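This is what each chain is made of:
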Amino acid sequence: MLGNTRVRLRPTLIDDLDGVVAMENDPVNRPTITPWDRTQHEAAVRFPDFRHFIVEAGDSPGPVGFVILVGCRNRHRSIELKRMVIQPKGQGLGRACLRLLKRIAFNDLGAHRFWLDVRPHNTRAKALYDTEGFVEEGRLRESVLTDHGYESLIVMSMLEDEYRARVETGQESAD
């Protein structure tokens, strides 16, 4: 189990996947992500290039979210934060989880680049990524088909040197 005082990550089990799919399809989360079906999550749990984690927090009896990392064995050392779903919102759990994921990506998995994409209307997530040091690289115009038409994605990333500089200035915890 990986974690800090606010959140912990544990590997997702097959028995967790009904809850994962339910979180993705929650009306609060669905507009900001592209949900997967259970089979896609099962593959992510089993495939060595992925890390699929359940997020737990404090004394909460159950999961408060899940995350998926892709490219964990990428020879270019470019790891994607494919999905981060946290419930409930507005309690700082997403920020705590993102900080933990940065430590995992750069310290444990040896990432050179940690990247993600976010939908422009997901202003809460975009603001989080901005304040956590991610840099906007560009937009993938109308690249995702949703129930309401095509949506663009903003690509954001952090490089290893940027992360290390944040650690040196105390913006990131080294452990």
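Quick note: structure is the one above.
This one's a predicted model, so the numbers in the text were calculated from it and none came from an experiment.

Definitions and limits used
Numbering of residues starts from 1 in every chain and runs along the sequence as written. Local features are withheld for residues below a pLDDT of 70 in this predicted model, meaning they are given only at 70 or higher, and side-chain atom pairs are given and counted only at 80 or more; totals for whole chains, interfaces and linings count all residues. Remark: hydrogens and water are excluded; side-chain values derive from all non-hydrogen atoms of the structure. Cysteine sulfur pairs qualify as disulfides if the two atoms are within 2.5 Å. Here the term buried applies to any residue with accessible area under 20% of the maximum for its type, exposed to any over 50%, and partly exposed to those in between, with areas from a 1.4 Å probe on protein chains only. Under the DSSP-based scheme used, a helix requires at least four consecutive residues in state H or I and a strand at least two consecutive residues in state E, with every element numbered from the N terminus. Our arc is simply the arc of the directions from the helix axis toward the C-beta atoms. Working rule for contacts: check all heavy atoms of both residues, and any pair within 4.5 Å makes them a contact. The definition of a nonpolar core used throughout is a set of buried Ala, Val, Leu, Ile, Met, Phe, Trp, Tyr and Cys residues joined through side-chain atoms within 4.5 Å. To get an axis, a line is fitted to the C-alpha atoms, and for a helix only the part in contact is used. The angle between two axes follows their N-to-C directions and goes from 0 to 180 degrees. When describing relative orientation, an angle under 35 degrees is termed roughly parallel and one over 145 degrees roughly antiparallel, while 65 to 115 degrees is termed roughly perpendicular and anything else oblique. We call a crossing left-handed when the near helix sits turned anticlockwise from the far one by less than a right angle, and right-handed when that turn is clockwise. Any residue outside Ala, Val, Leu, Ile, Met, Phe, Trp, Tyr, Cys, Pro, Asp, Glu, Lys and Arg is labelled polar, Gly included; the first ten of those are nonpolar and the last four are charged.

Caption draft 1: Just the state of the cysteines, in detail. According to the stated counting rule, one finds 0 disulfides in the structure shown. Summary of cysteine pairing: C72 is not part of a disulfide, and the nearest cysteine sulfur, belonging to C97, is at 14 Å. A relative accessible area of 0% places C97 in the buried class.

Caption draft 2: View of unusual backbone geometry. Across the junction of Q87 and P88, the peptide omega takes the value 5 degrees, indicating a cis bond. Position of P88 relative to the elements: it lies in the loop between β5 (78–86) and α3 (93–108). One non-glycine residue, R77, adopts positive backbone phi at about 60 degrees. With respect to the helices, strands and loops of the structure, R77 is situated in the loop between β4 (65–70) and β5. Look at E142: it is not a glycine, yet its phi comes out positive at around 40 degrees.

Caption draft 3: Structural context of helix α1 (residues 17–24). Within α1, burial applies to L17, V20, M23 and E24. Within α1, the buried residues cover an arc of 120 degrees as seen down the axis, which keeps them to one side. Those residues of α1 hidden inside the fold are in contact with α2 (38–46), β3 (50–57), β4 and β5.

Caption draft 4: Seen up close, the nonpolar core. Ranked by size, the top nonpolar core spans 34 residues in total, and within it L9, L69, M84, C97, L101, F114 and Y129 carry the most contacts. With 9 residues, α3 is the single largest residue contributor to this core. By size, the runner-up hydrophobic cluster in this structure holds 11 residues, among which are L17, I33, W36 and I68.

Caption draft 5: Highlighting the packing of α1 against α2. For the pair α1 and α2, the least separation of the axes is 10 Å and the interaxial angle reads 125 degrees. What the angle tells us is that α1 and α2 run oblique. The element α1 and its partner α2 pack so that their crossing is right-handed. Across the interface between the two elements, L17, D18, V20, V21 and E24 from α1 touch R38, H41, E42 and V45 from α2. In terms of residue class, the contact of α1 with α2 is made up of 4 nonpolar, 1 polar and 4 charged.

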